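# Reading the structure
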Amino acid sequence: MKKFLTTLLVAVSLATTALWGQTPDKIRTMVIAGQDGSHWWKGACDAIKQILENSGLFTVDFCFTPGYNGDMAEFRPQFDKYDLIVINYGGTPWIEEVQQAFEKYVREGGGVVFIHSSVIPMENWQAWNDITGLGAWNGRNEKWGPYLYMKDGHTIYDYTPGDAGYHGLQHQITVVNRATEHPILKGLPVRWRHYKDEIYTKLRGPARNVEILSTALEAGRDEPLMWTVKYGKGRSFVDVMGHCGNDPNMIYSMTCSGYQITFLRGCEWAATGKVTQAVPADFPLEDTCMLRPDFKAPFNAFPE
Ligand code: ZN
């Protein structure tokens, strides 16, 4: 009996080590990418991995789709193995089985973060539109839902007919944090200067269970740049900043410290429902950009 108990204890301890022994307190993250005709997604993925891993809070695996001419049936990500899914994808639709697995993952409490062009693809997948809340281009119009923006501090659901999605040339912009008590934004300066980026506007979609976090003034409208969506028990954080042009030197938007800090906080919130990160000293000022070209906080960024 004693021998049996010893064997059992060893077995339990081995199993525990196998389950939790690797990186017990880091957020296991899967980044999905692989097709995007308008962006240098490989450069963006490299930046995303460095930002996440340099924070010490996340481990990162990639799951890439085949290229545009590939067989999408080969793309079968194992969502359940991760605490967080980060999507940086602007390509062809996933197969039905993967779509259902993703819906289930989020509905049952999974965390997901969408970057920039991820609000464009898969326009005919209802749950994708529900989980992103708002989308752009690919034929979206009033049938997808209202335009969502802010006016005089109020959220506007605008049902005017029309297409979705517009952007001009890349430029710097002042971001205004609106949901200042949300864990992602709490303690951050309310107005901050974002380094050069491509600002998406005229977004529309189901807009259900959406909370706008931050806006930028474009063509007279306070357009949402970051927002959250509740879907079942899951949490979704959408950040339409983070454009990476088709050029190795064009990951400038992600070098902004404000981008990196809000992205890290959004990722932690989506995975766990809370944010434990201190507010770093290198957050941008209202009229001054701050950069982290090495994709990590400088040694003196955190308060004593
Ligand atoms: Zn872009």
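Here, every reference points to the structure presented above.
Residues numbered from 1 in each chain as written. Predicted model: local features only at pLDDT ≥ 70, side-chain atom pairs only at ≥ 80, totals over all residues. Heavy atoms only, no water.

### Considerations on the coordination of the zinc ion
Each angle at a metal carrying four tetrahedral donors should ideally be 109.5 degrees, and each at a metal carrying six octahedral donors should ideally be 90 or 180 degrees. Ligation of the zinc ion by protein atoms is provided by H39 (NE2), H116 (NE2), E198 (OE) and H243 (ND1), these donors lying 2.0 to 2.1 Å from the ion. Each donor residue of the zinc ion belongs to the same chain, with the gaps between them written as H-x76-H-x81-E-x44-H. Residue H116 is located in the loop between β4 (111–115) and α4 (126–132), and its partner H243 is located in the loop between β11 (234–239) and α5 (252–255); the two are separated by 127 residues in the primary sequence. For the pair H116 and H243, a shared accessibility class is recorded, and that class is buried. (Donors = N, O, S within 2.8 Å, 3.2 Å for Na, K, Ca; no water. Helix = DSSP H or I, 4+ residues; strand = E, 2+ residues; numbered from the N terminus. Buried < 20%, exposed > 50% of the residue type's maximum accessible area, 1.4 Å probe, protein only.)

### Details of the pairing of strand β10 (residues 221–231)
Of all the 11 residues making up β10, 10 are buried; the element is thus mostly covered by neighbouring parts of the structure. Where strand β9 (residues 210–218) meets β10, 8 bridges bridge the pair, whose relative direction is antiparallel. When the bridges of β10 are listed, E211 appears paired with T228. Pairing of β10 with β11 involves 6 bridges; the strand directions are antiparallel. Bridged to W227 within β11 is V238. Between β10 and β11, which pair antiparallel one after the other, the connecting turn spans 2 residues, and G232 there sits at a positive phi close to 60°. (Pairing = 2+ DSSP bridges.)

### Some details on helix α6 (residues 257–272)
With 16 residues, α6 ought to run about 22 Å at 1.5 Å a step, and its terminal C-alpha atoms sit 22 Å apart, in line with that. The buried fraction of α6 amounts to 15 of the 16 residues, a majority that puts the element mostly inside the structure. (Expected span 1.5 Å × (residues − 1).)

### Thoughts on helix α3 (residues 96–107)
In an α-helix, one turn spans 3.6 residues, which is why side chains three or four residues apart end up on the same side. The end-to-end C-alpha distance of α3 is 16 Å, a good match for the 16 Å that 12 residues give at a rise of 1.5 Å each. Those residues of α3 that fall on the buried side of the exposure criterion are V98, Q99, F102, E103, Y105 and V106. Viewed along the axis of α3, the buried residues span an arc of 160°, placing them on a single side of the element. Every exposed residue of α3 that faces more than 90 degrees away from the buried side is listed here: E96 and E97. If you follow the buried residues of α3, they end up packed against β3 (84–87), β4, α4, β10 and β11. Positive phi shows up at G109, right after α3, with a value of about 120°. (Arc of directions from axis to C-beta. Contact = heavy atoms within 4.5 Å.)

### Points about the packing of aromatic side chains
Applying the stated criterion to the full structure yields 17 aromatic pairs. Arranged with centres 5.5 Å apart and planes meeting at 55°, the rings of F75 and W94 form a pair that is tilted. A residue pair is termed long-range when its members are at least 10 positions apart, and F75 in the loop between β2 (58–64) and β3 and W94 in the loop between β3 and α3 qualify at 19 residues. Accessibility expressed as a relative area gives 1% for F75, which makes it buried. A relative accessible area of 3% places W94 in the buried class. (Phe/Tyr/Trp six-rings, centres within 6.5 Å; stacked < 30°, edge-to-face > 60°.)

### Comments concerning the side chain of T29
Along the polypeptide, T29 turns up in strand β1 (residues 27–33). Given a relative accessible area of 0%, T29 falls into the buried group. From its side chain, T29 meets the backbone oxygen of I27 in a polar contact 3.1 Å long. (Polar contact = N/O pair within 3.5 Å; in protein donor to acceptor, adjacent residues only side chain to side chain.)

### Thoughts on the packing of helix α2 (residues 41–54) against α6
Their axes nearest at 10 Å, the elements α2 and α6 cross at an angle of 70°. Classed by the angle they form, the pair α2 and α6 counts as roughly perpendicular. Of the two elements, α2 crosses α6, and the hand of that crossing is right-handed. Between α2 and α6, the residues in contact are I48, I51 and L52 and Q260, F263, L264 and C267, respectively. Grouping the constituent residues of the contact of α2 with α6 by class yields 6 nonpolar, 1 polar and no charged. (Axes fitted to C-alpha atoms, helices over the stretch in contact; angles between N-to-C directions. Parallel < 35°, antiparallel > 145°, perpendicular 65-115°, else oblique. Left-handed = near helix turned anticlockwise from the far one by under 90°. Nonpolar A, V, L, I, M, F, W, Y, C, P; charged D, E, K, R; others polar.)

### Examining the nonpolar core
Counting 83 residues, the largest nonpolar core has I87, W94, F102 and F263 as the members making the most contacts within it. For this core, the element with the highest residue contribution is α6, accounting for 8 residues. Aside from chain neighbours lying at most four places away, what touches I87 is I32, W94, F102, V112, V113, F114, I115, S118 and W128. (Core = buried A, V, L, I, M, F, W, Y, C linked by side-chain atoms within 4.5 Å.)

### Regarding the state of the cysteines
All chains considered together, the criterion is met by 0 disulfides. Between C256, a free cysteine, and C289, which holds the nearest cysteine sulfur, the sulfur-to-sulfur gap is 6.1 Å. Free cysteine: C267, not disulfide-bonded; nearest cysteine sulfur from C45 at 13 Å. (Disulfide = S-S within 2.5 Å.)

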